[in-house]
Amino acid sequence: MDLITMLKTMLDGMGGTCAIFFLTLLFALPLGMVVALLRMSKVKVISSITRAIISVLRGTPLMLQLIAVTYGPYYLFELPVAKNKLVPVVIAFAINYAAYFAEIYRSGIESIPVGQYEAADILGYSKIQTFFRIILPQVLKRIMPSVTNEVVTLVKDTSLAFTVSYVEMFTIGKQIANSQSSFVPFVVAGVFYFVFNAIVDYVMGKAEKAMNYYQ
Amino acid sequence: MKKILEMNHVQKSFNDNTLHVLKDISMSVSEGEVVSIIGPSGSGKSTLLRCATLLTEMDGGELLYDGEYAAKNDADGRSVYSGKAELKKIRSIFGLVFQSFNLFPHYSVLKNLMDPQICVLGRSKEDAQAKAIELLGKMNLSDKAEAYPCQLSGGQQQRVAIARALAMDPQILFFDEPTSALDPELTGEVLKVIKKLAEEHMTMVIVTHEMAFARAVSDRVIFMDGGVIVEQGDPEDVFGAPKMERTKQFLKNYGQS
Ligand SMILES: Nc1ncnc2c1ncn2[C@@H]1O[C@H](COP(=O)(O)OP(=O)(O)OP(=O)(O)O)[C@@H](O)[C@H]1O
Ligand SMILES: [Mg+2]
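Residues numbered from 1 in each chain as written. Chains lettered and ligands numbered in written order. Predicted model: local features only at pLDDT ≥ 70, side-chain atom pairs only at ≥ 80, totals over all residues. Heavy atoms only, no water.

**Q** So, a nonpolar patch on the surface: which residues are in play, and what are the values?
**A** Residue and element names in this part refer to chain A. Taken together, the side chains of Leu-31, Val-34, Leu-38, Val-43, Val-45, Ile-46, Ile-49, Ile-53, Val-87, Ile-91 and Ile-95 make up a nonpolar region of the molecular surface, amounting to roughly 890 Å² of accessible area. Assignment of secondary structure puts Ile-91 in helix H4 (residues 86–110). Residue Ile-91 is classed as partly exposed on the basis of its relative accessible area of 40%. (Patch = residues over 30% accessible without salt bridge, like charges linked within 9 Å, V, L, I, M, F, W, Y side chains within 5 Å. Areas by Shrake-Rupley, 256 points an atom, 1.4 Å probe, with all protein chains shown as cover. Salt bridge = Lys/Arg side-chain N within 4 Å of Asp/Glu carboxyl O. Helix = DSSP H or I, 4+ residues; strand = E, 2+ residues; numbered from the N terminus. Buried < 20%, exposed > 50% of the residue type's maximum accessible area, 1.4 Å probe, protein only.)

**Q** Can you lay out the site of ligand 1 for me, pointing to particular residues and giving the numbers?
**A** All names here are of chain B. Taken together, 14 residues are adjacent to ligand 1, and Ser-41, Gly-42, Lys-45, Ser-46 and Thr-47 come closest. Here Gly-42 contributes a backbone N or O atom positioned 2.8 Å from an oxygen atom of ligand 1. A distance of 2.5 Å separates an oxygen atom of ligand 1 from a polar atom in the side chain of Thr-47. When ligand 1 sits alone it has 630 Å² of accessible area, and the protein chains cover 61% of it. Put simply, the parts of the chain that give the shell around ligand 1 at least two residues each are strand S2 (19–30) and helix H1 (45–52). Sorting elements by how many residues they give to the shell around ligand 1 places H1 first, with three residues. (Near = heavy atom within 4 Å. Polar contact = N/O pair within 3.5 Å; in protein donor to acceptor, adjacent residues only side chain to side chain.)

**Q** Lay out the pattern of salt bridges in plain terms, naming residues and giving numbers.
**A** Residues and elements named next belong to chain B. Applying the stated criterion across every chain yields a total of 16 salt bridges over all chains. For Arg-220, the salt bridge identified is with Glu-33, shortest N-O distance 2.9 Å. Here Glu-33 lies in the loop between S2 and strand S3 (34–38) and Arg-220 lies in strand S10 (residues 220–225), a separation of 187 residues in the sequence. Here Arg-220 and Glu-33 have matching classes, each one buried. A salt bridge links Glu-200 to Lys-138; the nearest nitrogen and oxygen atoms lie 2.7 Å apart. With a gap of 62 residues between them, Glu-200 in the loop between helix H6 (184–199) and strand S9 (204–207) and Lys-138 in helix H4 (residues 125–138) connect regions that are remote in the sequence.

**Q** Residue-level account of the sheet that holds strand S7 (residues 94–97) of chain B, with values.
**A** Residues and elements named next belong to chain B. Read across the sheet, six strands follow the order S7-S8-S9-S3-S10-S11 without closing on themselves; strand pairing throughout is mixed. If you trace the sheet from one side to the other, it starts and ends with S7 and strand S11 (228–233), each paired once. Taken over all neighbouring pairs, the strand axes of this sheet differ in orientation by 20° on average, direction set aside. Sheet topology note: the strand S8 (residues 172–176)/S9 ladder contains four bridges and is parallel. Following the sheet pairing, Phe-175 is matched in S9 by Ile-206. Strand contacts of helix H5 (residues 154–166): S7 and S8, with the helix running at about 175° to S7, the strand carrying the most contacts. (Pairing = 2+ DSSP bridges. Axes fitted to C-alpha atoms, helices over the stretch in contact; angles between N-to-C directions. Contact = heavy atoms within 4.5 Å.)

The following block contains the structure:
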């Protein structure tokens, strides 16, 4: 197999990689906010349960969670394994990343001085207005660096999808490497992740700059 | 004259009732009156303002604005607060200026003044902006409309905070040590603005450690210590000829008598 064919074949898998990446962010970013709010709930039962779930999700390997979501239904309920593996892969990724985002959001929300809530309260803002107009914009600015870290990790984590034989770039690269006994596909994969992350860095850097109009 | 604020027998404790901070405080403020509250650190001045502005719930006692109950006593003398709708209405009666300004850092000065008017009072953008610009002029900050709070000095930030409170057309404005977070050379500009409001007969309650200022602007001075009102009256009487020993002692420490 020549280099061009190799690149072309792997390029086909990049669609799968990008699908995991963007779909995970699409679901995990908002889901993380819901989880963060449950985690901070004043109802003890809710916050305790949420905290336990978060700690399981962060305390076990994503690879295990991928396997659990993909094959668990089969072993537990004899349900057929999903034909399109993208579905369980994105579910597992979204849930796992939501747990991480939730902790980032929570620390961001807790870092906003209580005076901001009190000022909004005195002025007559409702709870919802206070959250969306006053608190959230400041939280987003503060958490940008941590979110960037997670997004960079996500780019690399997409390669874990090979454990459930979801066809993405790394899965294909591994297959070619085995059949051709060549190391080149791994180099290609490495370059791909590096370039992907360079783009992520650039975009997130722009976003951070855009929020730098105050302090 | 009509009473804007009335507090009756206010009780407040912290730490599971082990720290009794407000012990049966009663006071009222009439329309157009400027009342200063002075007293040593820990005497409960901030707690009293926080109870008056619904930031802290009283344990016991009544709170009325404009004759309407924000909180009433039940049979056991515990405060029972009015419903959400009622409290929302009452919140629009007062404003509060914090020691630490608490401006919204992600909004420009102009937006800090406009956003609450639009979101809370439902004013049009044009009306809100006109009001904001008028108030910035009054605060000598016309050139700072587009600045962000972090670009302003403490004195400027506090004047923006005063303007933000005034933009909501409160009937009474509370100040909790408005100049305590400022460098000494910046307190003057803030006190000047408050003095101007006093001359316009804005109803105000001012907690302050600026004794000369309190003496100059107030219609009435309240001296608090240990969670009770020790003495109150005309500033010339309280500062010039205090009746109570504790008041004398306190003023002596401040070099005011
Ligand atoms: N949320 C709270 N929890 C526990 N104790 C509190 C709380 N708020 C105030 N206190 C205590 O209540 C007492 C009165 O505090 P307060 O802030 O009202 O005093 P102050 O007269 O405003 O003093 P200063 O001049 O220092 O501002 C203090 O002993 C304080 O530690
Ligand atoms: Mg205080």
